[in-house]
Amino acid sequence: MSGTFVGMPAFPKAAHEAVRNTTLRDNLRHATHTIRDKRARAVAELEDWERLREAGRRIKDHTLRHLDRYLVQLEESVTAAGGTVHWAADADEANRIVTRLVAETGESEVVKVKSMATQEIGLNEALEAAGMRAYETDLAELIVQLGHDRPSHILVPAIHRNRGEIRDIFRAQMGSWGRPAPDGLSDTPAELAEAARLHLREKFLRAKVGVSGANFMVAQTGTLVVVESEGNGRMCLTLPETLISVVGIEKIVPRWQDLEVFLQTLPRSSTAERMNPYTSMWTGTADTDGPRTFHLVLLDNGRTDALADEVGRQALRCIRCSACLNVCPVYERAGGHAYGSVYPGPIGAILSPQLRGTASEIDASLPYASSLCGACYEVCPVAIDIPEVLVHLRERVVQGGEVTRNGVKVRLRPARGHAAERAAMRATRWAFTHPGVLAGGQRLASRTRRFHPRSAPGPGRAWTATRDLPRVPAEPFRDWWRRTDGGKAGTGKGGAK
Amino acid sequence: MSGRDVVLGRVRRALGGPSAPPTTYDTDIDRGYLREHGERTVAQTVELLAENLADYRAVVHRCTHTDDELGLLVMRLLAERGARTVLVPPALPAHWLSSAGPTRVHDQAVSTARQLDRVDSVVTGCAVAIAETGTIVLDGSADQGRRRITLVPDHHICVVRVPDQVVSSVPQALSRLDPTRPLTWISGPSATSDIELDRVEGVHGPRTLEVVLVSEG
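Here the structure is a predicted model, which is why all the values come from computation and not from measurement.

(A) Molecular detail of the packing of aromatic side chains. Residues and elements named next belong to chain A. Evaluated as defined, the whole model comprises eight aromatic pairs over all chains. Arranged with centres 4.8 Å apart and planes meeting at 55 degrees, the rings of Phe11 and Tyr339 form a pair that is tilted. Taken together, the residues span a long stretch of sequence, with Phe11 in helix α1 (residues 11-19) and Tyr339 in the loop between α15 (329-334) and α16 (345-356) at a distance of 328 residues. For the pair shown, Phe11 and Tyr339 are each scored as buried. Taking 5.7 Å as the distance between ring centres and 35 degrees as the angle between the ring planes, the aromatic pair formed by Phe477 and Trp480 counts as tilted. Here Trp480 and Phe477 lie together in helix α23 (residues 477-484), a separation of three residues that amounts to about one turn. With a relative accessible area of 12%, Trp480 lands in the buried category. The rings of Phe11, Tyr331 and Tyr339 are connected pair by pair, giving a single aromatic cluster. Directly above the aromatic system of Trp177 lies the positively charged group of Arg133, at a separation of 4.2 Å from the ring centroid.

(B) View of the UniProt feature "domain: LUD" (unreviewed entry) in chain A. UniProt's feature table lists "domain: LUD" (unreviewed entry) at residues 73-298 of chain A, given in the numbering used throughout. Between the C-alpha atoms that bound residues 73-298 of chain A there is a distance of 13 Å. The span itself is 42% helix and 21% strand.

(C) Representation of unusual backbone geometry. Pro163 of chain B follows Val162 of chain B through a cis peptide bond whose omega is 0 degrees. Structurally, Pro163 of chain B can be placed in the loop between β7 (155-162) and β8 (166-167). We note that Asn406 of chain A has phi near 50 degrees; this positive angle belongs to a residue other than glycine. Among the secondary structure elements, Asn406 of chain A is positioned in the loop between β11 (401-405) and β12 (408-412). Notably, Arg57 of chain B is not glycine yet its phi reads approximately 70 degrees, a positive angle. Residue placement: Arg57 of chain B occurs in the loop between α3 (42-55) and β1 (59-64).

(D) Region of the structure containing the pairing of β11 of chain A. Examined bridge by bridge, β11 of chain A and β12 of chain A share five bridges and lie antiparallel to one another. Bridge pairing in β12 of chain A places Val403 of chain A opposite Val410 of chain A.

(E) Layout of the pattern of salt bridges. Per the stated rule, a full pass over the model turns up 53 salt bridges over all chains. With a closest N to O distance of 3.1 Å, Arg197 of chain A and Asp154 of chain B form a salt bridge. Of this pair, Arg197 of chain A sits in helix α10 (residues 189-206) while Asp154 of chain B sits in the loop between β6 (135-138) and β7, each in a different chain. For the pair shown, Arg197 of chain A and Asp154 of chain B are each scored as buried. Across the salt bridge formed by Glu80 of chain B and Arg76 of chain B, the nearest N and O atoms sit 2.8 Å from each other.

(F) Summary view of the UniProt feature "domain: LUD" (unreviewed entry) in chain B. The sites that carry the UniProt feature "domain: LUD" (unreviewed entry) are, in the present numbering, residues 105-214 of chain B. With 11% helix and 35% strand, residues 105-214 of chain B has its two end C-alpha atoms placed 24 Å apart.

(G) Structural detail: the environment of Glu47 of chain B. Topologically, Glu47 of chain B is positioned in helix α3. Taking the relative accessible area as the measure of exposure, Glu47 of chain B reaches 37% and is therefore partly exposed.

(H) Region of the structure containing the sheet that holds strand β9 (residues 183-186) of chain B. Taking strand neighbours across the sheet as the criterion, the eight strands line up as β8(A)-β5(A)-β6(A)-β9(A)-β9(B)-β6(B)-β5(B)-β8(B) in an open arrangement whose pairing is mixed. At either end of the open sheet lies a strand with only one pairing partner, and these are β8 (252-253) of chain A together with β8 of chain B. Taken together, the four bridges between strand β9 (residues 278-283) of chain A and β9 of chain B define a ladder with antiparallel strand orientation. Along β9 of chain B, the bridge assignment pairs Met281 of chain A with Leu183 of chain B.

(I) Representation of the interface of chain B and chain A within the structure. Chain B puts 78 residues into the contact, and the matching count from chain A is 98 residues. Between chain B and chain A, roughly 8,000 Å² of surface is buried when both sides are summed, and carbon and sulfur atoms account for 56% of that area. Linking chain B with chain A are 17 salt bridges, by the criterion used here. Of the charged contacts in the structure, one is a salt bridge between Asp289 of chain A and Arg147 of chain B, with a shortest N-O distance of 3.2 Å. On the surface where chain B and chain A come into contact, there are 49 residue pairs in polar contact (both at pLDDT 80 or more). At the level of elements, α1 (3-14), α2 (25-28), α3, α5 (113-117), α6 (170-176), β9 and β10 (191-192) of chain B are the ones that each hand at least two residues to the side of chain B that touches chain A. The biggest single contributor to the side of chain B that touches chain A is α1 of chain B, with ten residues.

(J) Molecular detail of helix α3 (residues 49-65) of chain A. Between its terminal C-alpha atoms α3 of chain A stretches 24 Å, which fits the 24 Å expected from 17 residues at 1.5 Å a residue. Among the residues of α3 of chain A, Trp49, Leu52, Arg53, Ala55, Gly56, Ile59, Lys60, Asp61, His62, Thr63 and Leu64 of chain A are the ones counted as buried.

(K) The side chain of His66 of chain A, seen in detail. Within the secondary structure, His66 of chain A sits in the loop between α3 and α4 (67-80). In contact with His66 of chain A, other than residues within four places in its own chain, are Ser19, Ala20, Pro21, Pro22 and Thr24 of chain B.

(L) Up close: the packing of α16 of chain A against helix α19 (residues 386-399) of chain A. All names here are of chain A. Running from amino to carboxyl end, α16 crosses α19 at an angle of 40 degrees, the nearest separation of the two axes being 10 Å. One element, α16, and the other, α19, form an angle in the oblique class. Like other packed secondary-structure pairs, α16 and α19 cross with a definite hand, here left-handed. Touching Pro346, Ile347, Ala349, Ile350, Pro353 and Gln354 of α16 are Ile386, Val389, Leu390, Leu393 and Arg396, all from α19. Considered class by class, the residues forming the contact of α16 with α19 number nine nonpolar, one polar and one charged.

(M) Geometry of the side chain of Ser169 of chain B. Residues and elements named next belong to chain B. For Ser169, the location among the structural elements is in the loop between β8 and α6. Overall, the relative accessible area of 0% leaves Ser169 in the buried class. Side-chain polar atoms of Ser169 contact the backbone oxygen of Arg35, separated by 2.5 Å. With sequence-adjacent residues up to four places away left out, Ser169 is seen in contact with Arg35, Glu36, Ile130 and Glu132.

(N) View of the sheet that holds strand β4 (residues 209-212) of chain A. All names here are of chain A. Across the sheet, which stays open at both edges, the six strands sit in the order β1-β10-β7-β4-β2-β3 with parallel pairing between neighbours. Only two strands of the sheet have a single neighbouring strand rather than two, namely β1 (84-88) and β3 (133-136). Averaged over all adjacent pairs, the angle separating strand axes in this sheet is 25 degrees, with direction ignored. In terms of strand pairing, strand β2 (residues 109-112) meets β4 through two bridges, oriented parallel. By the bridge assignment, Val111 is partnered in β4 with Gly210.

(O) Main features of the environment of Met132 of chain A. Residue and element names in this part refer to chain A. In this structure, Met132 sits in the loop between α7 (123-129) and β3. Counting along the chain gives 33 residues from Met132 to Thr99, while the straight-line C-alpha distance between them is 8.4 Å. Apart from the residues lying within four places of it in its own chain, the contact partners of Met132 are Thr99, Val102, Ala103, Glu107, Ser108 and Leu127.

(P) Representation of α4 of chain A. Compared with an ideal rise of 1.5 Å per residue, which puts 14 residues at 20 Å, α4 of chain A spans 20 Å between its outermost C-alpha atoms and is within 8% of the ideal. Taken together, the buried positions of α4 of chain A are occupied by Leu67, Asp68, Tyr70, Leu71, Val72, Leu74, Glu75, Ser77 and Val78 of chain A.

(Q) The arrangement of the environment of Pro89 of chain B in detail. As for its placement among the helices and strands, Pro89 of chain B is situated in the loop between β2 (85-88) and β3 (103-106). Non-local contacts of Pro89 of chain B, meaning those with residues more than four positions away in its chain, are made with Val123, Thr124, Ala142, Asp143, Gln144, Gly145 and Ile149 of chain B.

Cut-off values and rules
Residues numbered from 1 in each chain as written. Chains lettered and ligands numbered in written order. Predicted model: local features only at pLDDT ≥ 70, side-chain atom pairs only at ≥ 80, totals over all residues. Heavy atoms only, no water. Phe/Tyr/Trp six-rings, centres within 6.5 Å; stacked < 30°, edge-to-face > 60°. Helix = DSSP H or I, 4+ residues; strand = E, 2+ residues; numbered from the N terminus. Buried < 20%, exposed > 50% of the residue type's maximum accessible area, 1.4 Å probe, protein only. Lys NZ or Arg CZ within 6 Å of the ring centre and 35° of its normal. UniProt positions renumbered as here; feature names shortened; annotations may be inferred. Pairing = 2+ DSSP bridges. Salt bridge = Lys/Arg side-chain N within 4 Å of Asp/Glu carboxyl O. Contact = heavy atoms within 4.5 Å. Buried area = accessible area lost by both parts, 1.4 Å probe. Polar contact = N/O pair within 3.5 Å; in protein donor to acceptor, adjacent residues only side chain to side chain. Expected span 1.5 Å × (residues − 1). Axes fitted to C-alpha atoms, helices over the stretch in contact; angles between N-to-C directions. Parallel < 35°, antiparallel > 145°, perpendicular 65-115°, else oblique. Left-handed = near helix turned anticlockwise from the far one by under 90°. Nonpolar A, V, L, I, M, F, W, Y, C, P; charged D, E, K, R; others polar.

The following block contains the structure:
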């Protein structure tokens, strides 16, 4: 994935710094609470929501099980409609392809629709290295780009910025990228949006090359779909002469009809609207309407590694709505940057370690960036059981085992730093498989309970820094059960009647 | 090895070998969800469309096809806007615009984005309108024109023939549309919620969307 995040500290350290930033916490709390309430109302309007959710899950699962077939079918459909299909195994290959395609047009600047895939591969940085400039045109992406910042939310990448900060960024930076901010720019959202309109208009009108991602690709027809709000997507998709779309291979749906599910669930889950303002659908090229040349770059970049994991592959159902971020108590407090990836929040915690592997400190810590409360699973419009995958990935981090990296099966070694946990689990397993030892240990613990410390020693200290150790009862449960015949023999110390 | 071979090879290994033809599509996918939400008469469906369009800040007008009512209404809307020029797609029905009014600009294949940017308003028809979501869909037919003409000008008047062009739901709309045409789904004027998730109408697309529901008189 993108080099932007190389060297990120582990989640707990990054989060520790973020939670002390009160502006950030206020911004995030305000934004996530607003959107989560609106989403709940939008979803409640559809009495068949659970059926739509189930249909979405099944369409995506079916597609993933036949992904090779549908990819080939999509390639045929797009080609027949006048497009050209390219395949990229990783970020470098995708960046090389796009850079070459832009160079072939003779242009040195591109306008971009907001796209997670191009952020994931660090396309802007790759183009810059080749002497080309990529202009982000989504308002939030523009704020991030002008502020030399990193995105912190899938849908609203500048969610960590409040209006005053945005005004300051526009005033200071717009001039060096093009049309400067209007004099006397205030911090009202309407004026800030107007400033962005004026700043970007000249770029849209002269653009020759557009770069996008896509929300969906229909294998049957070769149709690509981009869902958006501002109209910057429509500008980039229709005004340039050349359009290059970089799309993850998991974005396929088999048939045209399948869109009827996701076009109902995605807008309500992401922006909490019945329908987002603009949705563009295009199939290859049209004679006089829109770009004459269309390139589709199909991106793997770790997706097939996730596909090889039968528990983890459900993360590939994700339609990037960001509902799971907005309800997550950990995201709300830690913010998006702590996740060290363009995919923050609960979905990021299961996607990043699968796309990038768990070798780095940040990726090994991400499966732990959750309290496993399950709110993310409840709101997910394709029913990804995020807690299940988190636990699965924790197991992988602690125990190691066989995984697929870059298409090759490798055996992962247990992570360092979890030795005490493994030792404790080994001891527990031994005790639980030796009933005599367990009973003896429990009685010993009961008899010595007056001497137990309130916090755990050694590596357990961090755990008890914010919790009390549970008190050991005066009598082990099994002794009480035997003595009172399961509570029937009158009141015992356990208090049963 | 080409990127294609690498990616397809990885997919097949991940699945434990090349996958079987997807003949289980129909049984795998449970379409137990509704084709439309709630029961409504035709008139109620049109009413819902008007409500939902207005809810997302489109300005809704109604008229009948008789007595040149539509042409006069469109002229009035253009005049109120102060439009001096109005863009028209290749085959807008003649009576949608009365002869007086702003200068008509005909979109041509060679019209550049900058030329379109100088036009004040655009008038088009649509392919279908969706009541439950307050959405109009354009498919580039001759009364709608290229996608860019409804994008660059700041004022869009869209005429919907009711009840013929109105459906209740997203599934019904998709089954009416042709995927080979370039499609634009429009639900209200452009908007953003990128600043503190506070909704602002009007960013890059037309900042004013007026929808005229015209019924056969």
